[in-house]
Amino acid sequence: MQVKIQPSLRMGTVLLLFLFTSEEACAEFIIKSVDLIMQPSDEVQRSTNVSLKCEAEVSRSPGSHLNYKYIFYKDYVKLNTDQISATDGLYSIPDVRVSHSGKYKCALSIKTETKESRVKDLKVKGLLTPVLKVDKLTLTEGDDVTAVCTAEGETGFLTFFFRDGPEELYRKDTYSQKVEHNLTVTKRHKNMFCYYSINLSGSLETSNNSNVISVDFQELKIKPDIKVMPSTDVTEGDPITLSCSVNMTHQRNSDLIIHLIHEKNTMLRLNMTQEDYKVIAMANDSGKYECISKLGGVHKSSSVNITVKELFSVPVLSIHPAEVFEGENFTISCQISSFDSEEIQRNITYSIFRDNTIIINSNNYSDTAGKVTNEEYMCKAEANRITKESQRVLFGAKVLVSKPEITAYGPVIVDKPFLILCHSENGTLPIIYSLMRNDITLNRTEVSDPHEKAHFLALISTPSDISSYLCAAENNGRVKMSERLHVTVIVPVETPLLTVVPVPGNIEEGYNITLICGIPKGSPPISFMFYASNPTPIHNTTVQSNSSSFVLSTVNREKSGNYYCTASNMAGMSMSNIVTVEVSWAKWKKALIAVFFMLLVALLVLFIMIRYKAKRGKREMAAKLSVKPASPKSDDSLTLSLTHDTHYSTHTVEVNNKESVWSERPPDQDSLELPNEGDVEYTEVVHPQPVDPTRTTPVRIC
C-alpha cells in the first residue's frame, strides 16, 4: 500500500528544513573548552565497565540549533564512533581488558571548528591467567602431543609462550585468545606450562603462569651396539669390519634405520641394518666412528674410537731449486719421512706423475725447464697394497726478462722534465728496471704488475742528449739492455726578430712594406703572427722554417704605428721587438708642398719689397718737409737735427776733429710736427765749414 503525501505537506516540510538550516548557518558560537572524563576512574581492574565522557562548554547565540560531533581517540588513532546532536558525548568500554589501556582524548567539532581535550591515560590492571591443556598425558618416546594455551576473553596483540621449566618449547604472536601447538616428546616433561604477554606502548605486561602439566613417556630402546673386528688398534693394510645392531625383540615398529658416520660427519653407510661396513685400514681412517639409529623422530647413538698405525708416511714431493728459469735444470724428488720397519722401507715403490701421467717409476726425476715442463706434479708410494699420494705441486719455470723497450711519454722539450717508460714484454716478475745515461745509472725501480711500466723522470739541455738515455731490465741477476732512446725533441722558440723592408724612415706612401719575422732556434712547425698596434693579429701562418714574411701592399700614412710579431711551437711562444714604422708623403706630394712654399716665400719677399719701397718714399718726403735752417753761432760749422716723437738723447758730433755736444731739451714750439707714422728713420746731415781752431761753438738742434 502506497501512502501519498499531499503537496501542501511536502512544501511545509521543505520550508521547515530550510528555516532550520538557515538558522544553523546564521548561528554564532564559541567552543570555550573540551574535557574528557573517565568513569569510574582512570585506573581500573579488568572486567570493569568504563565510560569516557566528553564535556564541552560552548557559547552560542540565543535560539540557535547546532550540530555537535564528538570524536574519541585511543593512542592518537580515531575510534570508530561518533555522536551527533547531543549536549555531551559518551563512549563506553564494557568489561575492559589490559589491552584497553592507553592514551585517550576526545574532540568536539561544530561546523568547521574543532577543539580537542587534553590527553588522559587509562590503565587497566590484571591479565587473565591462561589455561594449558594437552590431549595425552602418557605416550611413547617420539609421539606427538597437542598442547593448547587459552586466555579466554583477553584481547589485543598477544605473545604466547610454552615452556618446560626453564626450557622454552615454543612461542607465537597472535590476536587470538588461544594457541595450539604439536610437540614431539623425546623426554619426560615434568613442568610444562604456558603464559602470555602484551605490549602496551613500549611497556610489556606479562600474565601469570598457567597450570603445570607433567607428561610421562615410554622410552624407545633403540640404542645401537657398535662392534669393530679384529680390533680398534690396527695397522695400515689390515682389514676392518664395523657392525651396528639394535635389539628389536620388544619393538613393534620395523621402520628402524641405522647410519654409520666417521668423524667430521662423513656418512659411510646409510643403513647398517642390512650389512656390515668393511674397509682396508689407512692412516686417515683413525678417529671416532658413530652408529646412529633412527625411528620416527627419535635418534639414539653409540660410538667407538679406532686407531690405525701408519705403515709409512704420506710421500712429499719437492722441486729443486725452488726458482727455476727456462733453460735451467731442475730435479723432482719423492720422499717418505717415516715407516713401520726397514723391511717396509725396502719394499716401497715410487712413481712420479706430470698432469696425471706417469713420467718415471722412481723417487727422483730431472729435466730442463721449459714450457713443456710447466705442469702439475705429484708422486705415489706403494707397499703392502697400500698406496699413498703426495700433495700436488704446480711447477712453472720462470721466464728470463726480454729486451726492454724504451719510450718517452708525451712531448720531449728541451730544458723541461719528461717521463721515460721502460717495459719488457716477457719476464717473470718482479723485474728491476734501471735508467741509464750512457754508462751511468741514474735510477732504479721494481715492477711487480705485468701491466705496469717503469717510469723515470729525465731532463735534456740539447736535442742530442736524448740518445744518451737507455734502460736495463733484470730478473734472476741477468740484465738485458734496451736500444738508445730516439724520439723527436722539441726546441723552444727563441726571441724572434722583426725586420721591416724598406728600412723604417725611408718608407713613403704607395710603397710595399715587407715584415720579416725570424727566430734563431726552434723546432718546426712554427706559427708566426704579425701585429700592428693592437692585440688582433693582422696575419698568421704556420711554416716548417725559422722565418716568415708578410707584405703590406701600397701603404698609406694610416699604416704608421708599432709592429711586432710572435713565434710559437709545441714548447711555447715568444714575442719579438717592437718596430715603429712611419709612412711619409709621396715624392710628388713633397714637390707640390715645396713649390707651394717657394711661391709663398716669393710672394712674401715681393710684399716686403713693395712695402719697404713705399715706406722709404714716405720717409724721404717727410725728411724734406721736416728740415729747418738754424742760425749758426759761427761760420765754422753747421749742424742740422731732425726730431720725432718725444725721445731725446745726448750725442757728440765730431766736426773737423772737434767734439760737438748735443744737449737734451724739449723741442721748440716752432718745430715742425710730422705725421704719426710707424718706424720713421732720421738722418743727421753735417756740412763741413771752416772752423776757427781756437773756438768751438756748440750747435743746438731743434
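Residues numbered from 1 in each chain as written. Predicted model: local features only at pLDDT ≥ 70, side-chain atom pairs only at ≥ 80, totals over all residues. Heavy atoms only, no water.

K.L.:
Sorry, what's going on with the overall build of the protein chain here?
P.N.:
Of the regular secondary structure elements, the protein chain holds 3 helices and 55 strands. Taken across its 702 residues, the protein chain has 35% of its residues classed as buried. Excluding contacts between residues fewer than 6 apart, the proportion of contacts in the protein chain whose partners are at least 24 apart in sequence is 61%. Only carbon and sulfur atoms are counted for the fraction: they give 52% of the accessible area of the protein chain, which is about 43000 Å². (Helix = DSSP H or I, 4+ residues; strand = E, 2+ residues; numbered from the N terminus. Buried < 20%, exposed > 50% of the residue type's maximum accessible area, 1.4 Å probe, protein only. Contact = heavy atoms within 4.5 Å. Areas by Shrake-Rupley, 256 points an atom, 1.4 Å probe, with all protein chains shown as cover.)

K.L.:
For this particular structure, what's the right way to read the sheet that holds strand E24 (residues 277-280)?
P.N.:
Hydrogen bonds between backbone atoms are what pair the strands of a sheet, whose relative direction is either parallel or antiparallel. Taken in spatial order, the 3 strands line up as E19-E21-E24 in an open sheet, and their pairing is antiparallel. Lying at the two open borders of the sheet, with one neighbouring strand each, are strand E19 (225-229) and E24. When strand polarity is set aside, the average angle formed by the axes of neighbouring strands in this sheet is 15°. Judged from the 5 bridges that link them, E19 and strand E21 (residues 239-245) form a sheet pairing that is antiparallel. (Pairing = 2+ DSSP bridges. Axes fitted to C-alpha atoms, helices over the stretch in contact; angles between N-to-C directions.)

K.L.:
What's the story with the environment of glutamate 168 in this structure? I'm lost.
P.N.:
Tracing the sequence through the fold places glutamate 168 in strand E14 (residues 167-174). Judged by its relative accessible area of 34%, glutamate 168 is partly exposed. The sequence separation of glutamate 168 and methionine 192 amounts to 24 residues, and the corresponding C-alpha distance is 9.6 Å. Every residue in contact with glutamate 168, bar those within four places of it in the chain, is listed here: Phe161, Phe162 and Arg163. For glutamate 168, the side chain forms a polar contact with the side chain of arginine 171, separated by 3.1 Å. (Polar contact = N/O pair within 3.5 Å; in protein donor to acceptor, adjacent residues only side chain to side chain.)

K.L.:
Which parts of the structure should I look at to understand the state of the cysteines?
P.N.:
What makes a disulfide is a covalent bond joining the sulfur atoms belonging to two cysteines. Considering all chains together, one arrives at 6 disulfides under this definition. Sulfur-sulfur distance for the disulfide between cysteine 149 and cysteine 194 comes to 2.0 Å. Taking the torsion about the sulfur-sulfur bond, which here is approximately 80°, the covalent link between cysteine 149 and cysteine 194 counts as right-handed. In this pair, cysteine 149 sits in strand E12 (residues 144-150) while cysteine 194 sits in strand E16 (residues 189-200), placing the two residues 45 residues apart along the sequence. Note on cysteine connectivity: cysteine 517 is disulfide-linked to cysteine 565, with sulfurs 2.0 Å apart. The sign of the S-S torsion, about 70°, decides the handedness of the disulfide formed by cysteine 517 and cysteine 565: right-handed. In this pair, cysteine 517 is assigned in strand E45 (residues 513-518) and cysteine 565 in strand E49 (residues 561-569), connecting sequence segments 48 residues apart. (Disulfide = S-S within 2.5 Å.)

K.L.:
Hey, could you run me through unusual backbone geometry in this one?
P.N.:
Most peptide bonds take the trans form, and the phi angle of most residues other than glycine is negative. Residue proline 430 is bonded to the preceding leucine 429 through a cis peptide linkage, with omega at 0°. In this structure, proline 430 sits in the loop between strand E37 (418-423) and strand E38 (431-437). Backbone torsion omega between valine 501 and proline 502 reads 0°, so that peptide bond is classified as cis. Here proline 502 lies in the loop between strand E44 (497-501) and E45. Of note, asparagine 356 is a non-glycine position whose phi angle comes to about 65°, a positive value. On the secondary structure map, asparagine 356 appears in the loop between strand E29 (349-354) and strand E30 (357-360). Notably, threonine 554 is not glycine yet its phi reads approximately 45°, a positive angle. Here threonine 554 lies in the loop between strand E48 (547-552) and E49. According to the relative accessible area criterion, threonine 554 is exposed, its value standing at 55%.

K.L.:
Help me understand the nonpolar core, please; the structure alone is not making it clear to me.
P.N.:
The nonpolar side chains of a soluble globular protein tend to be buried with one another. Grouped together as the largest cluster of nonpolar side chains are 24 residues, with contacts concentrated most on Leu132, Phe160, Phe162 and Tyr196. Contributing elements (two or more residues each) for this core: strand E10 (131-134), E12, strand E13 (158-164), strand E15 (178-184), E16 and strand E18 (213-218). Sorting elements by how many residues they give to this core places E16 first, with 5 residues. Those residues in contact with phenylalanine 160, other than ones at most four positions away along the chain, are Cys149, Ala151, Tyr170, Arg171, Lys172, Thr174, Ser176, Gln177, Lys178, Val179, Tyr195 and Tyr196. Ile31, Val44, Phe72 and Ile110 belong to the second largest nonpolar core, which has 23 residues in total. (Core = buried A, V, L, I, M, F, W, Y, C linked by side-chain atoms within 4.5 Å.)

K.L.:
Would you take a moment to explain the sheet that holds E10 for this structure?
P.N.:
Strand order in the open sheet made by the 3 strands is E10-E12-E15, with antiparallel pairing throughout. Every interior strand has two partners, whereas the edge strands, E10 and E15, have only one. Neighbour-to-neighbour, the strand axes of the sheet open up by a mean angle of 20°, direction not taken into account.

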